[in-house]
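# Geometric and topological summary
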Amino acid sequence: MATAKSLWLAAILLFVLKLWYLGASPLEACACFIKGCLQALTPCSIVAGAIFLFDCMESSQCLAWMKVQLRLVTNSHPIAEVMLIGFCFAFVVEGASGFGTPAALAAPMLYSMGHPKMECVICLLCFNTCMTIFGAVGTPVWFGIGEVVPDYAEADLLQVGFNAAIALGAAAVAVVPGVVYIIVPWDEVRPSLLFIYMSTLSCVLPLIGLSFVNYEFPTLAAGIVGLCVTTVLTVCGIGLGPHNRNQEDLEDPELGPENVIPQTEQDQKDIHNVEMESMGVEKLEKIPSEKLLENPLANADSKIFDADQWDLMITGKAPTVAMAVEEGQLNTTDSKRTMNGRDAPARDRSNKSVKSFKSVRSVKSVKQMAVNHEVEVCGKTLKKFHKARHMSILPKKIADLLNHDSENSEEPRKRKHKVDIHDGDAEHFAEFRLFDAIFRTMPLWLTVLLLILTRIEPIGLKGALRIKEPKIVDGDLGTLGHLSISPVGRFALSGILGTSIGWTYELLYIPFILPFVVAGCAPLMVFRRELEESPMQILKSVMTRIKGPAIALSGALVLVELLRTSDALKDAPAVIIGTRLSETLSHGFMALSFPLGALGSFFSGSTTVSCLTFTQVQKVAAEKLNLSSHALIALQLCGASSGNAFCLSNIIAATAVIGLHVPEGMIVKRVLKPVFAQFVVCTLVLLPFIYA
């Protein structure tokens, strides 16, 4: 069942049970219902801000510039691609938005570079489990836990986040190499293990360090640090072993003289002269395969390859023979290409000599790096998202397909839609410029900067954005409650239906206008002449795509309020559940904390919603068993993060954007092993903290 339906159905059933079976006060239950709907404004604002930020980055081509630079930096090394794009870049995206966005952005990038579809989805889903505890600028901690446990001060939330960061950091170090092995063969993973561990630690160590002082931007800031460090490691080749793809590139006829880095000035002249002499030559003479030309410039006559004998067909263009410079000689290799430019069936390369990656480094354009240029999305997959059925944030291209189908509902629905996923249109970004490096990345570093300015207490902005006085609106709404609004946009509704239940919404403090809207508008102003869409079109797209998360989140918040709120007649259902479980299982309840968090994410598709649902249960159980509630809630937070790997809405979103049409159960089976490994590691790491 879709998330939007299941959460609302659960909320309605609990509402009925609370009145009929538990005998709760009708006014209290109705007040919880109203507060839950209003409380959904906070996470919905965050999701809308994240969608706006990434739409602005896409419209101003900031996202395209980042993708191009990531492609060029990796230089077709599969380990570098997986770690830089699948792990570090996804870390940054998760820190900024969450809700399934990392897999939806990074999976098509990996697929376009030639990695298999299903393995791309599985790899990204597993990687995503290492980073969601502070995703969407820390929403799972400050809202998911802080909202449910109001007696937790900031120091308590910091302790929970720090414990969870230590546990998931240890799990990441243990699990990440195995996840890379899902998508890259082990004989290529083993020589690059040092690179994998250094790249993992470049994200994990900043995450743990920042979680000690803040619980809102550790994932985002750690992702940026890890992205920079991994880029340096990739460019310098530190820890990266050899791989087969570069060896094949040396035999790729597309990588002619213009795509080979010569070692000396004379080599540069030789390759330039060979290229010039070949211009306009219709055909090339027969040259035996793997023949060494002592002086290629001496053979000025036209050369002809016999296509039947040497499996090579060249017509009317410069030679597309791969040339490798070694000690002043040119080594030519042949390769089969068809007339339309597509790769022919692979041939046996066992007798070919392999050149060292250190001696020759191929330079591929962005277009050449895009092995797969498009994906096919079937109408059945799109139907799963139709009418806002899931909480995941859909990529813009998929959302546009939904809008197109809904606008043309009279026409028969297409069975398949082709979606372009490569960045060939951004070929002009291949030339690195300092201006682009500063301003194309501005949405990310400006987001971190604004979070620091508005969250660090001594700066003074944090208190200014949360002031209650003076009140520009202060009046009664009858039996609905008492409404007050402050100049900084702090809305408060107290005494809902005459009860003690109240609601607050801090417009400028929650991560919505600051930082997402401001950071999104900045590139629109700088690159206003390059915009692919107008600001009004972006706003319209945001309003359309927020429907799914809004419906699901409102149902989730109503369910949470009904679970955790008690009255004079009966205890809260969460308290009853926590008490019964702790009495029945005793200290065995610890083994249930992680799976309970994972179960919440599986049903809801969100770490935040999982924390909202089960945090109160964990706290009650910890108090009954005389355990550390901070560590037990941290263990549940780790489970909620891991549950995103087999959450159906995340799987559907990731498979839709990459055009993968397989049953969701096949992917769930593949991700359970890494999730179980995280369960074991996180539980063992947090045991000393639980009994502290």
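Residues numbered from 1 in each chain as written. Predicted model: local features only at pLDDT ≥ 70, side-chain atom pairs only at ≥ 80, totals over all residues. Heavy atoms only, no water.

The name given to the protein in an unreviewed UniProt entry is L-lactate permease, and the organism recorded there is Durusdinium trenchii. Under the Subcellular location (unreviewed entry) heading, UniProt states for the protein: "Cell membrane". (UniProt positions renumbered as here; feature names shortened; annotations may be inferred.)

What follows is about the environment of Asp-436. Position of Asp-436 relative to the elements: it lies in helix H19 (residues 434–439). Along the primary structure Asp-436 and Cys-62 are separated by 374 residues, whereas in three dimensions their C-alpha atoms are 8.5 Å apart. In contact with Asp-436, not counting residues within four places along its chain, are Trp-65, Phe-429 and Thr-441. (Helix = DSSP H or I, 4+ residues; strand = E, 2+ residues; numbered from the N terminus. Contact = heavy atoms within 4.5 Å.)

Confidence in the prediction for the protein averages 80 pLDDT; 76% of positions are at 70 or higher. Taken element by element, the predicted model of the protein shows its lowest mean pLDDT in strand E2 (residues 322–326) (39) and its highest in helix H11 (residues 193–211) (96). Counting interchain partners and residues more than four positions distant, the pLDDT-below-50 stretch residues 246–264 has 61 contacts. Predicted confidence is poor over residues 277–362, with pLDDT under 50, and the contacts of this stretch with residues over four places away or in other chains come to 156 contacts. (pLDDT = per-residue confidence, 0-100.)

Here we come to the packing of helix H4 (residues 62–74) against helix H12 (residues 218–236). To describe two helices that pack against each other, one gives the angle between their axes and the distance between the axes. Close contact between H4 and H12 brings their axes to 9 Å; oriented N to C, the two are set at 35°. Along its contact with H4, which presents Leu-70, Val-73 and Thr-74, the element H12 presents Leu-227, Thr-231, Thr-234 and Val-235. A per-class count over the contact of H4 with H12 returns four nonpolar, three polar and no charged. (Axes fitted to C-alpha atoms, helices over the stretch in contact; angles between N-to-C directions. Nonpolar A, V, L, I, M, F, W, Y, C, P; charged D, E, K, R; others polar.)

In an α-helix, one turn spans 3.6 residues, which is why side chains three or four residues apart end up on the same side. Along helix H30 (residues 664–690), the largest kink reaches about 35° and is centred on Leu-672; proline Pro-674 follows within four residues of it. What H30 keeps buried is the set Ile-667, Val-668, Val-671, Pro-674, Val-675, Gln-678, Phe-679, Cys-682, Thr-683, Leu-686 and Ile-690. Residues of H30 that are buried in the fold lie against helix H7 (117–128), helix H9 (154–183), helix H26 (590–604), helix H28 (629–642) and helix H29 (648–658). (Bend = angle between axes of the 7 residues up to and from the residue. Buried < 20%, exposed > 50% of the residue type's maximum accessible area, 1.4 Å probe, protein only.)

On to the sheet that holds strand E8 (residues 490–494). Strand order in the open sheet formed by four strands is E6-E7-E8-E9, with antiparallel pairing between adjacent strands. Both outer strands of the open sheet, strand E6 (473–476) and strand E9 (503–506), are each paired with one neighbouring strand and no more. Across the sheet, the axes of successive neighbouring strands diverge by a mean angle of 5°, strand direction being ignored. As judged from the four bridges shared by E6 and strand E7 (residues 482–485), these two strands associate in the antiparallel manner. Note on E7: the bridge partner recorded for Asp-474 is Ser-484. (Pairing = 2+ DSSP bridges.)

Within the largest apolar cluster, 164 residues are counted, with the highest numbers of intra-cluster contacts made by Ile-79, Met-83, Phe-87, Phe-127, Val-180 and Ile-667. When residues of this core are assigned to their parent elements, the largest contribution, 16 residues, is made by H9. Setting aside its immediate chain neighbours within four residues, Phe-127 contacts Val-82, Met-83, Gly-86, Phe-87, Val-176, Val-179 and Val-180. In terms of nonpolar packing, the next biggest core, distinct from the first, is built from 16 residues, Cys-44, Cys-56, Ile-546 and Ala-552 among them. (Core = buried A, V, L, I, M, F, W, Y, C linked by side-chain atoms within 4.5 Å.)

Okay, a nonpolar patch on the surface next. Nonpolar side chains collect at one region of the surface, where Leu-434, Ile-438, Trp-445, Leu-449, Ile-452, Leu-453, Ile-456, Ile-459 and Leu-461 lie side by side and expose about 720 Å² of accessible area between them. Put simply, the parts of the chain that give the nonpolar patch at least two residues each are H19 and helix H20 (442–455). Considering every element that reaches the nonpolar patch, the biggest residue donor is H20, with four residues. Residue placement: Ile-438 occurs in helix H19. (Patch = residues over 30% accessible without salt bridge, like charges linked within 9 Å, V, L, I, M, F, W, Y side chains within 5 Å. Areas by Shrake-Rupley, 256 points an atom, 1.4 Å probe, with all protein chains shown as cover. Salt bridge = Lys/Arg side-chain N within 4 Å of Asp/Glu carboxyl O.)

Here we take up empty space enclosed by the protein. One way to see where empty space is left: roll a probe the size of a water molecule over the atoms. Taken as a whole and judged by the stated rule, the model has four cavities of 30 Å³ or more. Of the voids in this model, the largest cavity is the one considered here, and its volume is about 120 Å³. As for the largest cavity, its lining consists of 17 residues, and the residues nearest its centre are Glu-94, Gly-98, Phe-99, Ser-606 and Thr-607. For the lining of the largest cavity, the secondary-structure elements that each account for two or more residues are helix H8 (135–145) and helix H27 (607–625). Here the lining of the largest cavity takes four residues from H8, the largest share from any one element. Split into classes, the residues belonging to the lining of the largest cavity amount to three nonpolar, 13 polar and one charged. (1 Å grid on protein atoms, 1.4 Å probe; cavity = no way out; pocket = protein on both sides within 12 Å on 5 of 7 lines; lining within 4 Å. Points joined across faces, edges and corners; volume = space filled by probe spheres on them.)

Attention now goes to the side chain of Thr-607. Within the fold, Thr-607 resides in helix H27. Other than its neighbours up to four places away in sequence, Thr-607 contacts Thr-132, Pro-140, Ser-601, Leu-637, Ala-640, Ser-641 and Asn-644.

Turning to the UniProt feature "transmembrane region" (unreviewed entry) in the protein, a few remarks are in order. In the numbering used here, UniProt assigns the feature "transmembrane region" (unreviewed entry) to residues 82–108, 120–145, 165–186, 193–213, 219–240, 507–527, 633–659 and 671–691. What you have in residues 82–108 is 85% helix and 0% strand, and the ends, taken at the C-alpha atoms, are 12 Å apart. Across residues 507–527, the secondary structure splits into 52% helix and 0% strand, with the terminal C-alpha atoms separated by 28 Å.

This next bit is on helix H3 (residues 41–59). Here H3 contains 19 residues, and its C-alpha end-to-end distance of 26 Å stays within 8% of the 27 Å for a straight helix at 1.5 Å per residue. Just downstream of H3, Gln-61 is the residue with a positive phi angle, here 65°. (Expected span 1.5 Å × (residues − 1).)

One way to put it is that H28 packs onto H30 with a least axis distance of 9 Å and a crossing angle of 170°. Our classification of the angle between H28 and H30 gives roughly antiparallel. Considering the relative orientation of H28 and H30, their crossing is right-handed. Listed contacts from H30 to Ala-631, Leu-632, Ala-634, Leu-635, Cys-638 and Ser-642 of H28 are Val-675, Gln-678, Cys-682, Thr-683, Leu-686, Phe-689 and Ile-690. Of the residues belonging to the contact of H28 with H30, the class tally is 10 nonpolar, three polar and no charged. (Parallel < 35°, antiparallel > 145°, perpendicular 65-115°, else oblique. Left-handed = near helix turned anticlockwise from the far one by under 90°.)

Glancing now at the packing of aromatic side chains. Going through the model one piece at a time under the given rule, you end up with 16 aromatic pairs. With a centroid separation of 5.2 Å and 70° between ring planes, the pair formed by Phe-87 and Phe-127 is classed as edge-to-face. Taken together, the residues Phe-87 in helix H5 (residues 78–96) and Phe-127 in helix H7 connect sequence positions 40 residues apart. Both residues of the pair, Phe-87 and Phe-127, belong to the buried class. Measuring from ring centre to ring centre gives 6.3 Å for Phe-491 and Tyr-505, while their planes differ by 50°; the resulting arrangement is tilted. You can see Phe-491 sitting in strand E8 and its partner Tyr-505 sitting in strand E9, a full 14 residues away along the chain. Phe-491 gets classed as partly exposed once you look at its relative accessible area, which sits at 27%. Among the aromatic residues, those joined into a ring-pair cluster are Trp-8, Phe-15 and Phe-33. (Phe/Tyr/Trp six-rings, centres within 6.5 Å; stacked < 30°, edge-to-face > 60°.)

Now for unusual backbone geometry. With an omega of -5°, the peptide bond running from Glu-469 to Pro-470 counts as cis. With respect to the element layout, Pro-470 can be found in the loop between helix H21 (461–464) and E6. Cis geometry is adopted by the peptide bond preceding Pro-515, which originates at Leu-514 and carries an omega value of 15°. Residue Asn-75 is not a glycine yet carries a positive backbone phi of 50°. Mapped onto the fold, Asn-75 is located in the loop between H4 and H5.

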